[in-house]
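The chain contents come next:
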Amino acid sequence: MQADQKKALYEEATKELVSITEGETNVTALMATVSCILSEKFDYYFWTGFYVVDPNKQNELVVGPYQGTLGCLRIPIGRGVCGTAASTLETQLVADVHVFPGHIACDSRSNSEIVVPVVNADGQLIAVLDVDSVELNSFDEIDRVELETLMQRIFAQ
Ligand code: SME
């Protein structure tokens, strides 16, 4: 996808999400709505959703709202792409999941992914946003900047 087209779609998605979620504070409702709008908007998104820090097991992520094929239920923090984003608090941009050490293959069709840490208004990690694609090398700096900004606007204000 061309950079301009990608930026325009993110602008549309962000506008829609900011408007739909205005005044909503329930985190499950926010995550479900973000997963829905993003996966509807982008053809190259194959699995779109959240892994949430389990309040009962702080060293594990547990699957939250998502759109796509069956996801793994739990991911230890520090493992796989999601667990690495959670432990480092840094977005993971993975061009080829098959060469990422410890990648957890929930669906063998997934070939590239981006995982963005989600932090609340108190600066605490609450989840990660995981987006997978069936193509190699689907995500770039535009996805990173747009998704990081979107997570901030929806979950940290
Ligand atoms: N690929 C992820 C696992 C989650 S699924 O792809 C839905 C990972 O390695 O963290």
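### Side note on empty space enclosed by the protein
Within this structure, the stated rule accounts for one cavity of 30 Å³ or more. Reported here for the largest cavity is a volume of approximately 170 Å³. Lining of the largest cavity is provided by 20 residues; of these, Ile104, Cys106, Glu113, Asp130 and Asp132 occupy positions nearest its centre. Looking at the lining of the largest cavity, the elements with two or more residues in it are strand S1 (47–54), helix H3 (80–88) and strand S6 (125–133). Classifying every residue of the lining of the largest cavity by side-chain character gives 10 nonpolar, five polar and five charged.

### Section: the site of the ligand
For the ligand, the full set of nearby residues is Trp47, Tyr51, Ile75, Gly80, Val81, Cys82, His103, Ile104, Cys106, Glu113, Asp130 and Asp132. Contacts to the ligand include His103, whose side-chain N or O atom sits 3.3 Å from a nitrogen atom. One nitrogen or oxygen atom from the side chain of Asp132 is found 2.6 Å from an oxygen atom belonging to the ligand. Bound to the protein, the ligand loses 98% of the 300 Å² it would expose on its own. Mapping the ligand onto the cavity grids shows that it belongs to the largest cavity. Mapped by element, the contributors of at least two residues to the shell around the ligand are S1, H3 and S6. Sorting elements by how many residues they give to the shell around the ligand places H3 first, with three residues. Split into classes, the residues belonging to the shell around the ligand amount to seven nonpolar, two polar and three charged.

### Some points on the nonpolar core
The nonpolar side chains of a soluble globular protein tend to be buried with one another. Counting residues in each nonpolar core, the largest one holds 27 residues, and the members touching the most others are Leu38, Tyr45, Phe50, Leu129, Leu147, Met151 and Phe155. For this core, the secondary-structure elements that each account for two or more residues are helix H1 (3–20), helix H2 (27–41), strand S5 (112–119), S6 and helix H4 (141–155). Residue contributions to this core peak at six residues, all from H4. By size, the runner-up hydrophobic cluster in this structure holds 15 residues, among which are Trp47, Leu61, Val115 and Val128.

### Re the sheet that holds S6
With antiparallel pairing, six strands are arranged side by side in an open sheet as S3-S2-S1-S6-S5-S4. A single partner strand is all that each edge strand has here, and the edge strands are strand S3 (74–76) and strand S4 (92–94). Strand-to-strand, the axes of this sheet are offset by a mean angle of 25 degrees, without reference to chain direction. In terms of strand pairing, S1 meets S6 through six bridges, oriented antiparallel. The partner of Phe50 across the bridge, within S6, is Leu129. Those strands touched by H4 are S1, S4, S5 and S6, and its axis lies near 30 degrees from that of S5.

### What to know about the side chain of Asp132
Inspection of the secondary structure assignment puts Asp132 in strand S6. There is no salt bridge for the buried Asp132, and the closest opposite charge comes from Arg109, which lies 10 Å off by N-O distance. There is a polar contact of 3.2 Å between the side chain of Asp132 and the side chain of Ser110. Once you skip the residues sitting within four places of it in the chain, Asp132 turns out to touch Tyr44, Tyr45, Phe46, Trp47, Ser110, Ser112, Glu113 and Phe139.

Conventions adopted
Residues numbered from 1 in each chain as written. Predicted model: local features only at pLDDT ≥ 70, side-chain atom pairs only at ≥ 80, totals over all residues. Heavy atoms only, no water. 1 Å grid on protein atoms, 1.4 Å probe; cavity = no way out; pocket = protein on both sides within 12 Å on 5 of 7 lines; lining within 4 Å. Points joined across faces, edges and corners; volume = space filled by probe spheres on them. Helix = DSSP H or I, 4+ residues; strand = E, 2+ residues; numbered from the N terminus. Nonpolar A, V, L, I, M, F, W, Y, C, P; charged D, E, K, R; others polar. Near = heavy atom within 4 Å. Polar contact = N/O pair within 3.5 Å; in protein donor to acceptor, adjacent residues only side chain to side chain. Areas by Shrake-Rupley, 256 points an atom, 1.4 Å probe, with all protein chains shown as cover. Sits in = over half its atoms within 2 Å of the grid points. Core = buried A, V, L, I, M, F, W, Y, C linked by side-chain atoms within 4.5 Å. Buried < 20%, exposed > 50% of the residue type's maximum accessible area, 1.4 Å probe, protein only. Pairing = 2+ DSSP bridges. Axes fitted to C-alpha atoms, helices over the stretch in contact; angles between N-to-C directions. Contact = heavy atoms within 4.5 Å. Lys, Arg positive; Asp, Glu negative; His and termini not counted. Salt bridge = Lys/Arg side-chain N within 4 Å of Asp/Glu carboxyl O.

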